[in-house]
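Summary of the model geometry
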Amino acid sequence: MSNLPISGLSSSEAAKRLAADGPNELNTDQRDNLLSTILEVAAEPMFLLLLGSGAIYYAMGDSREAYVLLGFVVIIMAISIIQTRKTETTLAALRDLSSPRALVIRDGIPVRIAGQQVVRGDILMLAEGDRIAADGVVLEAHELAVDESLLTGESEMVSKTADISKVYAGSLTVRGQGLVHVSATGSDTELGKIGQSLQDISMESSPLRDEINLLTKRLVILGISASLLLTVLYWVLRGGWLQGLLSGIVLAMSLIPQELPVIMIVFFALGARRIAAHQVLTRRLNAIETLGETTVLCVDKTGTLTENRMEVAALSVAGETLDAHHLLPHSVSTNFLELIEYALLASEIAPNDPMELAFHRLAQTHLDDVKREHAGWELAREYELSPELLAMSHLWRNLENSHDTVATKGAPEAIATLCRLNSQQHNDLMHSAEAMAIKGLRVLAVAKARHANHLSWPELQNDFAFELVGLVGLADPLRDNVQAAVAQCHQAGIRVMMITGDYPTTAKAIAMQAGIDCSQILSGKEIAAMDAQNMQQQIARTNVFARVTPQQKLNIVECLKAQGEVVAMTGDGVNDAPALKAAHIGIAMGNRGTDVAREAASIVLLHDDFTSIVTAISLGRRIFSNLRLAIIYTLAVHVPIIGLSILPLLFGLPLLLAPIHIAFLELVIDPACSIVFEAEQPKTNLMQQPPRPKTEHLVSKQHILLSLSQGLLITLVTAGFYTYLINHNEPIDVARALTFIVLVTANATLVFSSRSLTVRWQGIFSDVSRVGIVVLLLTMLGLIAVTCIPSLSAAFNFHSPTLLQWLLAFVIGIGLLPLFESMKTLHQRLQRS
């Protein structure tokens, strides 16, 4: 035993060490603070232009216009901030729930403190069920065993002995008790070192966001160039540099797709809310879209594919094996009941050990009568597991019997030694154990003995005359519906890979149950011996990896990315965190997952339901499909805005659109109409199609051509109508209002046509979602408000038209629907030719 004092640290010394080393917590928080979120949103080009327009209006003395434009900035900024903070609040609640407390000895007295207050030199008192708060050396151990799967990925518990063994922060005490001398806290723990490695891994950006940003940057350059040209042209033709600058900003706002980021925010925010109904938390909104592009799904075994709890899978007595998965009550023969009985008697009365919990669950179903017989029995002596003999025994006293009953369980070779089996019996036992182990089962042997003397017992287990009862095979069971979820991934063209720290035989058994191709398995040792080129080749054709280290998990993800794959990685342990962050999409388990894993991930499964991943993938594909429709629609409605910004100047007409009109169209009306597309149900089964290639653009040249032709049609109709009104001496404010009515109505009508890229002469108004109907009605109400309510009309430089004029403009707008469908017909013919 160690000579370290068990009186622990004094309170004053603990306080000094806490001040010197800092709290026992990990600095792995990847959250954005409020200021960074505001700065990110404010850096978008559309907000800068709105701010610039507001400043010019203020300089011209029109403070009302300036304040209205600034109001648009505040509204859109609020959408982003609220969504981000709401997600972080949920994560904070998860962190609070998972924060461990610790029982330490301070001033010679056991004291329970927050895990963050544990310091180097503390003496931790461990009991079954305790989460270990720091790394340390075991001073004393009584049948101590811990679950280190969060750190190592291995589901089997690890026994600990005094003065030799170490325990690690984040592990769970599943059996026995112990005293631990803390050697490292916070970032110095093994858990902390993995957490620190996350700081060196950059987050993967969304491919779609990159594409949208590239399109936006190109249009920004075009918009700035055109706006400068228009500013100079206005100054030359009409004079007045401030008004010319304002006209240039109007053109820049019409050219720059300011609403594209807004539409993406709306789509992803609503998508996050939609999948939240399936208990999936989206930490980063663009992760939803990228998940829909996933080509490879890398999954951890323990706690992801499996339930991370042991279950009795097989029983073996005298060479006969029974599948224990689907046993019916009262259907088990006597010899197998005896095996369950003695496995239970060799277990703790109130266990935390996963295997002993499995014995209790099985006994609860099948041993009601036997358990009643044991009601008066007393556990008189326990014989602990030791490195020399991997077996533990319980001696039960029953004064009504002339003898005590001894039950033991342990490794088959240890039980064979206790039972003094002859060579043939030993070979038969090991052959049966090996047959069960090949199936990925954890195998224990069970034996029984009688002891006649109630007053004294042997000091060693070896002194009992044990008789072999049988073998028990345990497994971490596959989660329900995992097999169906994996099959659906394969149907959707997604390669599913299992990467685990567990043994190859266990990994193969689980992979076979889940439906993952396990024809080739690579171990961490084999990967370590490979050069980079050979590893790339092997990873390209291997789907099951066993006994891998956290660094090797990260290397596998990086190799897949180098091969052009879009990688999603699931996991719950600290060992998964680097790979979670490096993958395009990191998916963490929320219930059992560590803070490190949740902070590194983009998506958190709150109920640890693997099948929710498939739902998220399906929604990601649906969002991409609907986003494509929304972008085509958005580009189309930009064309008349651009045309109506330039044509009046070129033809000597009064200017039609001001920044407030474009802001209203591009930040309110158009994104609102785009919500209709977000709620669209997919026209085809997207999960029966392969992932879209990374080379496929969101909007193709054919899509742009269709957008331009539809937008040009709206431009010609609205510009012609405006010219007609001016030439017939209609007041400019009334002409501007009527033309705006035609423009907004035509945009709303285009929504119905753009819900499908194919021609739909029939059913074009059918199956519109309830959300779509509400949004379109609100759009029309908004149009009525800004054109008919005097106070709002004045802000938009409108004068309310008569009812007849309003209805005429409305009919002109909706009358374009047949022409939109005709253009799709012409577009399809051109494609075929």
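Residues numbered from 1 in each chain as written. Predicted model: local features only at pLDDT ≥ 70, side-chain atom pairs only at ≥ 80, totals over all residues. Heavy atoms only, no water.

Observations regarding the overall build of the protein
What the protein contains, in helices and strands, is 31 helices and 22 strands. For the protein, the residues scored as buried account for 55% of the 833 residues in total. In the protein, the share of contacts with a sequence separation of at least 24, taken over all contacts with a separation of at least 6, comes to 73%. Surface accessibility of the protein: about 35,300 Å² in total, with carbon and sulfur atoms responsible for 59%. (Helix = DSSP H or I, 4+ residues; strand = E, 2+ residues; numbered from the N terminus. Buried < 20%, exposed > 50% of the residue type's maximum accessible area, 1.4 Å probe, protein only. Contact = heavy atoms within 4.5 Å. Areas by Shrake-Rupley, 256 points an atom, 1.4 Å probe, with all protein chains shown as cover.)

Here we look at the pattern of salt bridges
Going through the model one piece at a time under the given rule, you end up with 17 salt bridges. Close ionic contact of D122 with R106 constitutes a salt bridge, the shortest N to O distance being 2.8 Å. Here R106 lies in strand β1 (residues 101-106) and D122 lies in the loop between β2 (109-114) and β3 (123-126), a separation of 16 residues in the sequence. A single burial state applies to D122 and to R106, both of which are buried. Note that K824 is salt-bridged to E821, the shortest N-O span being 3.1 Å. Highlighted residues: K824 and E821, both in helix α31 (residues 817-832), separated by three residues, approximately one helical turn. Across the pair, exposure class does not vary: K824 and E821 are buried alike. The structure contains a network of salt bridges with shared partners spanning E307, R309 and E311. (Salt bridge = Lys/Arg side-chain N within 4 Å of Asp/Glu carboxyl O.)

Some thoughts on the sheet that holds strand β11 (residues 320-323)
Taking strand neighbours across the sheet as the criterion, the seven strands line up as β11-β10-β16-β15-β14-β13-β12 in an open arrangement whose pairing is antiparallel. The sheet is open, and its two borders are formed by β11 and β12 (378-383), each paired with just one other strand. Neighbouring strand axes in the sheet, compared pairwise and without regard to direction, differ in orientation by 25° on average. Examined bridge by bridge, strand β14 (residues 404-410) and strand β15 (residues 442-451) share seven bridges and lie antiparallel to one another. Bridge pairing links V406 to A449 in β15. Running over the sheet, helix α12 (residues 334-345) touches β10 (311-317), β11, β13 (391-397), β14, β15 and β16 (467-475) and is turned about 125° from β10. This element, helix α16 (residues 423-438), spans β10, β15 and β16 of the sheet and lies at about 10° to β16. (Pairing = 2+ DSSP bridges. Axes fitted to C-alpha atoms, helices over the stretch in contact; angles between N-to-C directions.)

A few points about helix α13 (residues 354-366)
At 3.6 residues per turn, the α-helix brings residues three or four places apart onto the same side. Under the 1.5 Å per step criterion, the end-to-end length of α13 is 19 Å for 13 residues, consistent within 8% with the ideal 18 Å. Taken as a whole, α13 has its buried residues at M355, E356, A358, F359, L362, A363 and H366. One face of α13 carries all of its buried residues, which in axial projection span an arc of 150°. Residue D353 occupies the N-cap position of α13, its side-chain oxygen lying 2.8 Å from the main-chain nitrogen of M355. (Expected span 1.5 Å × (residues − 1). Arc of directions from axis to C-beta. Polar contact = N/O pair within 3.5 Å; in protein donor to acceptor, adjacent residues only side chain to side chain.)

Structural notes on the nonpolar core
The biggest cluster of nonpolar side chains holds 108 residues, and the ones touching the most others in it are L297, L305, M498, I516, I587 and F610. No other element matches the 18 residues that helix α24 (residues 611-650) contributes to this core. For L305, the residues in contact, after removing those within four places along its chain, are V299, D300, P477, L478, R479, V482, M498, I510, I516 and F610. Ranked by size, the runner-up nonpolar core spans 32 residues in total, among them L327, L367, A407 and V446. (Core = buried A, V, L, I, M, F, W, Y, C linked by side-chain atoms within 4.5 Å.)

Quick look at the sheet that holds strand β20 (residues 567-571)
Two pairing modes exist for strands in a sheet, parallel and antiparallel, and in both the strands are linked by backbone hydrogen bonds. A sheet is described by the order of its strands in space; here eight strands give the open sequence β8-β22-β21-β20-β9-β17-β19-β18, paired in mixed fashion. The open sheet terminates on both sides in strands that have one partner only, identified here as β8 (280-282) and β18 (521-523). The average undirected angle you get between the axes of adjacent strands in this sheet is 20°. Across two bridges, strand β17 (residues 495-499) lies against strand β19 (residues 544-546) in parallel orientation. The residue bridging I499 from the neighbouring strand is F545, located in β19.

A look at the packing of α24 against helix α27 (residues 732-754)
Between α24 and α27, the least distance of the axes is 10 Å, while the angle of their chain directions is 155°. Taken together, the axes of α24 and α27 lie roughly antiparallel to each other. The handedness of the crossing between α24 and α27 is right-handed. For the pair α24 and α27, the contacting residues are L629, Y633, A636, V637, P640 and L644 in the first and L743, N747, A748, L750, V751 and S754 in the second. (Parallel < 35°, antiparallel > 145°, perpendicular 65-115°, else oblique. Left-handed = near helix turned anticlockwise from the far one by under 90°.)

Here's the deal with the packing of aromatic side chains
In this structure the tally under the stated criterion is six aromatic pairs. Geometrically, the ring pair formed by F740 and F798 is tilted, given 5.2 Å between the ring centres and 50° between the ring planes. Note that F740 is positioned in helix α27 and F798 in the loop between α29 (790-795) and α30 (803-814), a separation of 58 residues in sequence. F798 shares its class with F740; the two are buried. A centroid spacing of 5.9 Å and a plane angle of 25° characterise the contact between F796 and F798, whose relative ring orientation is stacked. Just as F796 is buried, F798 falls in that class too. By the ring-pair criterion, three or more aromatic residues cluster together here, those being Y383, F464 and F466. (Phe/Tyr/Trp six-rings, centres within 6.5 Å; stacked < 30°, edge-to-face > 60°.)

Notes on the environment of P578
Its place among the elements puts P578 in helix α22 (residues 577-582). Judged by relative accessible area, P578 falls into the buried class, the value being 5%. C-alpha separation for the pair P578 and Q551, spaced 27 residues apart in sequence, amounts to 7.8 Å.

Here's the deal with the packing of α27 against α30
One way to put it is that α27 packs onto α30 with a least axis distance of 7 Å and a crossing angle of 35°. The two elements α27 and α30 meet at a crossing, and its hand is right-handed. From α27, V734, L738, I741, V742, T745, A746 and T749 reach across to α30, where they touch Q805, W806, A809, F810, I812, G813 and I814. Taken together, the residues of the contact of α27 with α30 sort by class into ten nonpolar, four polar and no charged. (Nonpolar A, V, L, I, M, F, W, Y, C, P; charged D, E, K, R; others polar.)

Observations concerning a nonpolar patch on the surface
On the surface, a nonpolar cluster with roughly 750 Å² of combined accessible area is contributed by V232, L233, W235, V236, L237, L650 and F651. Top contributing element to the nonpolar patch by residue count: helix α7 (residues 207-237), with five residues. Secondary-structure assignment places L650 in helix α24. Owing to a relative accessible area of 52%, L650 belongs among the exposed residues under this scheme. (Patch = residues over 30% accessible without salt bridge, like charges linked within 9 Å, V, L, I, M, F, W, Y side chains within 5 Å.)

Topic: the confidence of the model for the protein
Looking at the protein, the pLDDT average stands at 83 and 83% of residues meet or exceed 70. Every residue in residues 94-98 scores below 50 in pLDDT, and together they form eleven contacts with partners more than four places removed in sequence or on other chains. (pLDDT = per-residue confidence, 0-100.)

Focus on the pairing of strand β9 (residues 296-299)
Residues V296 and C298 point to one face of β9 and L297 and V299 to the other, with burial holding for every one of them. As defined by bridge partners, β9 adjoins β20 across three bridges and the pair is classed as parallel. What sits directly across from V296, in β20, is V567. Note: β9 against β17, four bridges, orientation parallel. The residue bridging V296 from the neighbouring strand is R495, located in β17.

Thoughts on helix α18 (residues 504-514)
Among all positions of α18, only T506, A507, A509, I510, A511 and A514 are buried. Against α11 (301-305), α17 (482-491), β17 and β19 lie the buried residues of α18. Following α18 by one or two positions, G515 has its phi on the positive side, about 90°.

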